[in-house]
Amino acid sequence: MLCLPTPLFLSLATFTLPFSWFPIRLISNTLATMCSSNCFEESPISLLERCKSMYQLKQIHSHIVKIGLSSDPLFQNRVIAFCCAHQSGDMAYARQVFDTIPHPTAFIWNTMIKGYSRINRPENGVSMYLLMLANSIKPDRFTFPFLLKGFTSHMASQHGKVLLNHAVKHGFDSNLFVQKAFIHMFSLCGLVDLALKVFYMGDDWEVVTWNIMLSGYNRVKQFKKSKKLFIEMEKRGVSPNSVTLVLMLSAFSKLKDLDGGKNIFKYMKEGIVEPNLILENALIDMFASCGEMDAAQGVFDNMKARDVISWTSIVTGFANVGQINLARKYFDQMPERDYVSWTAMIDGYLRMNRFIEVLSLFREMQISNVKPDEFTMVSILTACAHLGALELGEWVKTYIDKKSIKNDTFVGNALIDMYFKCGNVGKAKTVFKEMRQKDKFTWTGMIVGLAINGHGEEALAMFSSMIEASVTPDEITYIGVLCACTHAGMVEKGKSFFTAMTMQHGIKPNVTHYGCMVDLLGRAGHLEEAIEVIVNMPIKPNSIVWGSLLGACRVHKNVHLAEMAAKQILELEPENGAVYVLLCNIYAACERWENLRQVRKMMMERGIKKTPGCSLMELNGNVYEFVAGDQSHPQSKDIYAKLENMMQDLIKAGYSPDTSEVFLDLGEEDKETALYRHSEKLAIAYALISSGPGVTIRIVKNLRMCVDCHHMAKLVSEAYNRELIIRDKTRFHHFRHGSCSCNNFW
């Protein structure tokens, strides 16, 4: 049985005051507005038929109580019907009247149940239904449709199956009216398989009921089941309508099923279903999702009318296939843009790693007075994270709070990621503590963020807390755990976690996990053991795995293994310029000049060019880009002058240029000059002349820091009493008081 308690209600006398209490003039005036001078000669029913509000109904009811006609069943029915069905109806008043009826009919019970559905109080409807059964009143074919109409997902999961059994027990399992009510309720509440069970109880369903089922499966993202049901619908000869086609185009779009989408298009081309704006928009979306932009553009060009959805679909389509400039062309032509279209264009730039354009477009969006949603904000925070733009990221956080934008788990996770990638560990931890709901991505983000920022012990403690919170880790979580062990030099713990990953959580190690193990062992100097891991891998090692070994060989100056690792990488990626550079650095560090010249010659013959060093830095809300040796900055003269002064100060503090990784065919003095022009040095010089004392300098670099720049940054942090946070290609470096968080191992 259903076990929802029957709510207690006060008696009618509690709310209906005696007629004598009301001012006589007030009653007379009220009734006078409803009827002529002989209104009291009219029947109570005729008065109720002209009633327009609860206020008028209560006056009439009070009058009828006074003259002793309130027990008339027809009058009672009309009062309850008004309260249950009228927009201003009062269900509490209806219940009071209901409680005065000695033996309510099934019609009255149903009316009460319907009234509770109208005001979205299905739990009261269930209580009324239980009371109805307790009074030995059997439900009829209207009871269940009225009862189910207001059900929520929670109510459906709690009572749906039991009520279905009741319907079968009372013989309504073959009643189409009742079946439809259950199908509709189960579909809307996400219990689509139960809806299908009821659906198959009936036969010869019209297209509307098929649509309810298709919509239900789409709603719970079971698009393959939508497709299967549609195929069955076609086999049964049920003709689809425009709603059916929209639903199926949506399903095929999510499935990226081009053939299925073309089958739907056939209904339109053959004139079986007349095209309309919604249908054409769904067709564009389907073609775009499948990467068929020529077909999508063809539909778009032939549309008689377009709306913002049409334009957004075409913009999204071109952005998704990487034609970002064409997407921008259509975006700029849009007659109107909503937050969805702005977010689509922003996401397009984000996907192409054009983060500065992301922020620029967001500024345009603000100027256009279009309020973003939480998805837009996640994209902006992601761009800030990649650029290391902490000031902008903090502004975005304030903007979210000020504009009351939904601050859900996704936004919280994006904030954590932004803070960590900007090197602000403290703020990331604060966001984590303040989040009301955390998912596995939240915990994983904390573990990975702490690990890459050099807080290995805290990362492992966070992992323990995650397990204690009964949150199951995934493969990404374990990458963070292994990285934490790597950066903290905890070899044995790393081995233990690598084993536990499979034994305790059933996660099969992938190539990235093996790369982490090679990095862990290599950094600790266990190069031979790292080779064993690679040789015994059940999957083919990729360039990342071999690259981890090559990086360790650079630190430990193992030329033999470095050459082997470089050879393996170049077989996989012959155009990988970073490998040639790293191998040259190893030869230079070991003074193997002949080998260095051979690699340089190979690079020239193969047309391999060293990727220019580039550093990004944010100041006062603007992101500045510095390229090695570049002089295009408006304050270039000041920057180089400051750089010269800075080097003089550092030389006094014990700085000596380290040219071991400069493998150009230059004299020693020219090598030193080349070192001075590295992009992070230019960024540091600009920060020193453009920011106040004590302000943290944050830099994001596209390459691994060279030994000289690393040494120089340590001295800057001490000589100028500045904290420097530099994120290079491999990890974070937090420079404070002349030391680095990486312990000189990167």
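Here the structure is a predicted model, which means the values were calculated and not measured.

Rules and cut-offs
Residues numbered from 1 in each chain as written. Predicted model: local features only at pLDDT ≥ 70, side-chain atom pairs only at ≥ 80, totals over all residues. Heavy atoms only, no water. Helix = DSSP H or I, 4+ residues; strand = E, 2+ residues; numbered from the N terminus. Rg over C-alpha atoms; globule rule 2.2 N^0.38 Å. Buried < 20%, exposed > 50% of the residue type's maximum accessible area, 1.4 Å probe, protein only. Contact = heavy atoms within 4.5 Å. Areas by Shrake-Rupley, 256 points an atom, 1.4 Å probe, with all protein chains shown as cover. Lys, Arg positive; Asp, Glu negative; His and termini not counted. Charge placed at Lys NZ, Arg CZ, Asp CG, Glu CD. Pairing = 2+ DSSP bridges. Axes fitted to C-alpha atoms, helices over the stretch in contact; angles between N-to-C directions. Polar contact = N/O pair within 3.5 Å; in protein donor to acceptor, adjacent residues only side chain to side chain. Parallel < 35°, antiparallel > 145°, perpendicular 65-115°, else oblique. Left-handed = near helix turned anticlockwise from the far one by under 90°. Phe/Tyr/Trp six-rings, centres within 6.5 Å; stacked < 30°, edge-to-face > 60°. Salt bridge = Lys/Arg side-chain N within 4 Å of Asp/Glu carboxyl O. UniProt positions renumbered as here; feature names shortened; annotations may be inferred. Core = buried A, V, L, I, M, F, W, Y, C linked by side-chain atoms within 4.5 Å. pLDDT = per-residue confidence, 0-100.

## Comments concerning the overall build of the protein
- When helices and strands are tallied, the protein shows 40 helices and six strands.
- What you see for the protein is a C-alpha radius of gyration of 36 Å, clearly larger than the 27 Å of a compact globule of 746 residues, by over 25%.
- For the protein, the spread of C-alpha atoms along the principal axes amounts to about 115 × 65 × 55 Å.
- Scored against the burial criterion, the 746 residues of the protein give a buried share of 50%.
- Across the protein, contacts joining residues at least 24 apart in sequence account for 62% of those joining residues at least 6 apart.
- For the protein, the exposed area adds up to about 35,500 Å²; of that, 53% sits on carbon and sulfur atoms.
- Of note, the protein has its 80 positive side-chain charges centred 5 Å away from the centre of its 75 negative side-chain charges.

## As for the sheet that holds strand S2 (residues 622–627)
- Pairing is mixed across the open sheet formed by six strands, whose spatial order is S2-S1-S3-S4-S5-S6. This sheet does not close on itself; its edge strands, each paired only once, are S2 and strand S6 (739–740).
- Along the sheet, helix H39 (residues 679–690) contacts strand S1 (614–619), S2, strand S3 (697–701) and strand S4 (724–727); its crossing angle with S1, the most-contacted strand, is approximately 15°.
- Here helix H40 (residues 707–719) sits on the sheet in contact with S4, strand S5 (732–736) and S6, set at roughly 35° to S5.

## Considering the environment of His734
- Summarising the element assignment, His734 is placed in strand S5.
- Along the backbone, His734 and Ala713 are 21 residues apart, and their C-alpha atoms lie at a distance of 9.6 Å.

## A look at the environment of Tyr655
- Mapped onto the secondary structure, Tyr655 falls in the loop between helix H37 (636–652) and helix H38 (668–676).
- By relative accessible area, which is 4% here, Tyr655 ends up buried.
- Side-chain polar atoms of Tyr655 contact the side chain of Asp708, separated by 2.8 Å.

## Some details on the packing of helix H4 (residues 54–66) against helix H5 (residues 73–85)
- In contact at an axis separation of 11 Å, H4 and H5 are set at 165° when each is read in the N-to-C sense. Here H4 lies roughly antiparallel to H5, going by the angle between them. Relative to H5, the crossing made by H4 is left-handed. For the pair formed by H4 and H5, the contact residues are Met54, Leu57, Ile60, His61 and Ile64 on the first element and Phe75, Val79, Phe82 and Cys83 on the second.

## Details of the side chain of Ser310
- Mapped onto the fold, Ser310 is located in helix H19 (residues 308–320).
- Residue classification places Ser310 among the buried residues on the basis of a relative accessible area of 0%.
- Side-chain polar atoms of Ser310 contact the side chain of Asp307, separated by 2.9 Å.
- Other than its neighbours up to four places away in sequence, Ser310 contacts Leu277, Asn281, Phe300 and Met303.

## What about the packing of aromatic side chains?
- Counted under the stated rule, the structure contains 26 aromatic pairs.
- The interplanar angle of 65° and the centroid separation of 6.2 Å between the aromatic rings of Phe144 and Phe172 together place this pair among those described as edge-to-face. One end of the pair, Phe144, is in helix H9 (residues 143–148); the other, Phe172, is in the loop between helix H10 (153–169) and helix H11 (176–188), with 28 residues separating them in the sequence.
- Seen from their ring centres, Phe362 and Trp395 are 6.1 Å apart, and the 70° between their planes marks the pair as edge-to-face. Pair noted here: Phe362 is in helix H22 (residues 355–367) and Trp395 is in helix H24 (residues 390–402), with a separation of 33 residues, a long-range link.
- A residue is classified by how much of its surface remains accessible, and Phe362, at 3% relative accessible area, is buried.
- The exposure class assigned to Trp395 is partly exposed, which follows from its relative accessible area of 38%.

## Some details on the pattern of salt bridges
- A complete count under the given rule lists 23 salt bridges for this structure.
- For Asp257, the salt bridge is made with Lys227, and the minimal N-O distance between the two is 2.8 Å. A residue pair is termed long-range when its members are at least 10 positions apart, and Asp257 in the loop between helix H15 (242–255) and helix H16 (258–269) and Lys227 in helix H14 (residues 223–235) qualify at 30 residues.
- Relative accessible area serves as the criterion here: at 15%, Asp257 is assigned to the buried category.

## Focus on the UniProt feature "repeat: PPR" (unreviewed entry) in the protein
- Mapped onto the present numbering, the UniProt feature "repeat: PPR" (unreviewed entry) falls on residues 105–139, 206–240, 241–275, 307–337, 338–372, 408–438, 439–473 and 474–509.
- Between the C-alpha atoms that bound residues 206–240 there is a distance of 10 Å. The span itself is 74% helix and 0% strand.
- Helix makes up 74% of residues 307–337 and strand 0%, whereas the separation of the span's terminal C-alpha atoms amounts to 10 Å.

## Side note on the nonpolar core
- The biggest cluster of nonpolar side chains holds 202 residues, and the ones touching the most others in it are Phe182 and Leu549.
- In terms of residue count, the dominant contributor to this core is helix H35 (residues 577–589) (eight residues).
- Look past the residues within four positions of Leu549 in its chain and what remains in contact with it is Val518, Leu527, Ala530, Ile531, Ile534, Met564 and Ala565.
- Among the nonpolar cores identified, the runner-up in size contains 31 residues, and Ile684, Leu715, Val716 and Cys742 belong to it.

## Section: the confidence of the model for the protein
- Put simply, the protein has an average pLDDT of 87, and 91% of its residues get 70 or more.
- Taken together, the stretch residues 1–40 has pLDDT below 50 and engages in 64 contacts with residues farther than four places along the chain or on a different chain.
- Every residue in residues 663–672 scores below 50 in pLDDT, and together they form 14 contacts with partners more than four places removed in sequence or on other chains.

## Concerning unusual backbone geometry
- Even without a glycine there, the phi angle at Asn369 is positive, about 60°.
- Mapped onto the fold, Asn369 is located in the loop between H22 and helix H23 (374–387).
- On the basis of relative accessible area, Asn369 is assigned to the exposed category, the value being 71%.
- Not every positive phi belongs to a glycine, and Ser404 is a case in point at roughly 55°.
- Residue placement: Ser404 occurs in the loop between H24 and helix H25 (409–421).

## Notes on the side chain of Thr343
- Positionally, Thr343 belongs in helix H21 (residues 339–351).
- Given a relative accessible area of 8%, Thr343 falls into the buried group.
- In this structure the side chain of Thr343 is engaged in a polar contact, spanning 2.5 Å, whose partner is the side chain of Thr376.
- Residues in contact with Thr343, not counting those within four places in the same chain, are Asp373, Phe375 and Thr376.

## Some words on the pairing of S2
- In terms of strand pairing, S1 meets S2 through six bridges, oriented antiparallel. Residue Met617 lies in a different strand from S2, and its bridge partner there is Tyr624.
- Counted between consecutive antiparallel strands, the loop separating S1 from S2 contains two residues, among which Asn620 sits at a positive phi close to 55°.

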